[in-house]
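Topology and contacts: notes
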Amino acid sequence: MSDSDETKKKAEPRKKTIDPAALEMLGRAEAAGIGTVFSRVDEMKPCPIGASGSCCQLCAMGPCRLVGKGAAEKTGICGATHATIGARYMTRAIAGGVAAHSDHGRDIARTLLAVAKGHAGSYQVKDTDKLYRVAAIMHIATEGRDVNDVAAEVAQRALDNFNGTAGDELSYVSRAPAKRQAIWRKYGLVPRGVDREVVESMHRTNVGVDQDAEHLLDQGMRTSLADGWGGAMLATDLSDILFGTPKPLVSQANLGVLKKDEVNIIVHGHEPTLSEMIVAAAQDPELVEYAKSKGAAGINLAGICCTANEVLMRHGIPPAGNFLHQELAIITGAVEGMIVDVQCVLQALSPLAQKFHTKLITTSPKAKIPGATHLEFDETRALETAKEIVRMCIDNFQNRGDVAIPDYTGDLVAGFSHEYINYMLGGRYRASFRPLNDNIINGRIQGAVAIVGCNNPRVTQDEGIVYLVHELIKRDILVVQTGCAAHASGKHGLLTPETMQIAGDGLREVCEAVGMPPVLHLGSCVDNSRIMTILSQVVEEGGLGDDISDLPVAAICPEYYCEKALAIGTYAAASGVFVVFGVRNPVADCTEVVDIMSNGWEQKVGGQLVFEPDYEKILEMVTGRIQAKRQALGIHEEKERVLFDMAARREL
Ligand code: MSK
């Protein structure tokens, strides 16, 4: 690149998004003089000291900033080193993320208990097979018992896992491969109770308690495992029991799913309990008629963030977009109500909604937003509350002003639970991961990568996610997705079977034979636990080593922004996965911490958590990792490619 090219590149403003719908709405916002997260990020420069882990804010002697000449050797007033400060930061961030996912899981457990005891009549156990499978894992007897009896005991055992009264180890630790469990036990990483690990992390990161970086980060791993193999896994399982285990269905994504002539309602946040009822209320014939009486053609429901994923996976409700679309949806002027519960809800929504006619409705007893209407959700009168909310949105239809809905949608297929993938690969009578293992062994599929997590306005929206999906499937690497990263692929048309046309020959052959897309949408953020289950079952199937760390797999969180993502990344690493985060390294100055989470964890648990903002380098890192694992398994030699004939298809 010439000097003048270099100068031109520097002078060009940063691209905010690769999504044309977002660009259109940003233009509308700018014309109206309305700020968004995309504009505020340019006005707010991150503090360079805090951004790289050199600031400790834990006590009133500080904040201490370890900067300037000889910064690496400096300490805080109490004597804390960069290593201690960085390890405390990571452990607290992990605990924050685990608390969020697990509190979500606990609420689902409470709802299941209420249902089983007949106190929440709007719900019922929808997947009894799954209830019995979960009961078996928890060693709860089912023979001859009433479904609600079993459900009550499962719910109570789940609550015991949160409280730490289920025994010395969380119930689901037993789902990991035996070798993995042994590693966790050897290093004292087995979580004892979800709450206990979060509390202990908060205690140990107090000033004057744990000061050894490796020891602190071990607790970070243990806490994260209480999420991945505890709180989040329970949230997924109990949601499947209550609301149904997802199966593939078609839908669409992006702001174009909003309808000009209908009452548009958006559910946003994370928990499926209320949104399930909103789905029912929006289809209620009486309310549909009521909407028509107000001049609308009907009621249109859409989602944002992980609530979107919950209702997409089970009902095909279309996502209007990912994290950075929440303001843009309101800016269309077409949203009568945005119903939020917990997590990832920007406080800026409230003043923004007041500039339009949108009603922002908070529903969780845990989360109020100044300026929003609070209508508290109570599972004992769930459908009633949902109907009240939908009616409020219908009443708001007449207040609409100017509407501009960008005409962009991506077709998608979602709903790949681990149970369905198992069935899809093996068929009804031989449900199994065998075909996947065989195709990894024969090299048609080189490996698998999870591309998960958020958007972050500090990087171009969707760019890293879409680039990595393309490049990986081209290299015969199967991609699985959750969270807002899955929405990104949905918006850009990557979650369809047609995407197999851009996949490598080997992956395409398998996708054609099975009839699946090369990019599988597995659900919401808590559903990353489905990936842990799949990895364990692939190990159990045989032929690819005896632990998760032996598998040719990796995980990438290209556009992360929050603590929950760090918690997920840590439990994946602690389970033996190579994990790369984009954006920036929040502990870059704490070199000892960086080394522990990469080389140290590789030696200890066979996984790593590393940060790399350059997407090409990320690609190189994960493909290198996959090839190294193939070599270690002795399956790296290129085999003569034999195209699938009828017999091979039948066998698959
Ligand atoms: S919603 S945590 S922005 S993925 Fe789960 Fe999206 Fe990240 Fe929130």
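Every chain is numbered on its own, with residues counted from 1 as its sequence reads. Local features in this predicted model are restricted to residues of pLDDT 70 or higher, and side-chain atom pairs are both shown and tallied only at a pLDDT of 80 or more, whereas totals for entire chains, interfaces and linings draw on every residue. With hydrogens and water stripped out, all remaining heavy atoms of the structure feed into the side-chain values.

**Quick look at the domain arrangement of the protein chain**
- Marked domain ranges trace back to an automatic or database domain assignment. Annotation of the protein chain at the domain level lists domain 1 (82-243), domain 2 (255-399) and domain 3 (417-635 + 647-651).
- Using only C-alpha atoms to locate each centre, domain 1 and domain 2 end up separated by 30 Å.
- In this description, contact between two residues means that some pair of their heavy atoms is separated by no more than 4.5 Å. Contact residues are listed per partner, giving 18 residues for domain 1 and 16 residues for domain 2.
- Buried area is a sum: the accessible area each of two parts loses on coming together, probed at 1.4 Å, counted once for each and added. Per-residue buried area on domain 1 facing domain 2 is highest for H104, Y123 and F243; these three make up 40% of the total on that side.
- Salt bridge, as applied in this entry: a Lys or Arg side-chain nitrogen positioned within 4 Å of an Asp or Glu carboxyl oxygen. For R314, the salt bridge goes to D240, with nearest N and O atoms at 2.7 Å.
- Polar contacts here mean pairs of N or O atoms no more than 3.5 Å apart (in protein, one a potential hydrogen donor and the other a potential acceptor; neighbouring residues in sequence count only if both atoms are side-chain atoms). The interface formed by domain 1 and domain 2 includes 6 residue pairs in polar contact (both at pLDDT 80 or more).
- Within the residue set of the side of domain 1 that touches domain 2, elements represented by two or more residues are α5 (82-116) and α10 (213-243).
- Ranked by residue count, the leading element in the side of domain 1 that touches domain 2 is α5, at 9 residues.
- We call Asp, Glu, Lys and Arg charged. Ala, Val, Leu, Ile, Met, Phe, Trp, Tyr, Cys and Pro are nonpolar, and the rest, Gly among them, are polar. Looking at the side of domain 1 that touches domain 2 residue by residue, the classes come out as 6 nonpolar, 7 polar and 5 charged. Secondary structure elements follow DSSP: runs of H or I of four or more residues count as helices, runs of E of two or more count as strands, with numbering from the N terminus.

**What about the site of the ligand?**
- Taken together, 13 residues surround the ligand, and among them H270, C344, C454, C484 and C525 come closest.
- Listing elements by their share of the shell around the ligand, those giving two or more residues are α13 (305-315) and α20 (483-491).
- Its residues assigned to classes, the shell around the ligand shows 9 nonpolar, 3 polar and 1 charged.
- Each of domain 2 (255-399) and domain 3 (417-635 + 647-651) contributes no fewer than three residues to the shell around the ligand. Throughout, the term near means that a residue has one or more heavy atoms lying within 4 Å of the molecule or strand in question.

**Points about the pattern of salt bridges**
- Evaluated as defined, the whole model comprises 45 salt bridges.
- Between R530 and D240 there is a salt bridge, with its nearest N and O atoms 2.9 Å apart. Separated by 290 residues along the polypeptide, R530 in helix α22 (residues 528-541) and D240 in helix α10 bring together distant segments of the chain.
- Under the relative-accessibility criterion, D240 is labelled buried at 0%.
- Connected via shared salt-bridge partners are K130, R133, R175, D237, D240, E310, R314, E419, D527 and R530. Residue exposure (1.4 Å probe, protein chains only): buried if accessible area is under 20% of the type maximum, exposed if over 50%, otherwise partly exposed.

**Description of the packing of aromatic side chains**
- Any Phe, Tyr or Trp ring, taking Trp's six-membered ring, that has another such ring centre within 6.5 Å forms a pair; planes under 30 degrees apart are called stacked, those over 60 apart edge-to-face, and the others tilted. According to the stated counting rule, one finds 8 aromatic pairs in the structure shown.
- Their ring planes at 50° and their centres at 5.6 Å tell us that F581 and F611 sit as a pair that is tilted. One end of the pair, F581, is in strand β15 (residues 578-581); the other, F611, is in strand β16 (residues 608-611), and 30 residues separate them in sequence.
- Relative accessible area serves as the criterion here: at 1%, F581 is assigned to the buried category.
- The class of F611 is buried, set by a relative accessible area of 12%.
- Here the aromatic residues F416, Y420 and Y423 are joined through ring pairs into a cluster of three or more.
- Lying across the ring of Y172, R175 places its NZ or CZ 4.5 Å from the centre. Whether a charge lies above a ring is judged from NZ of Lys or CZ of Arg, which has to be within 6 Å of the ring centre and within 35 degrees of the ring normal.

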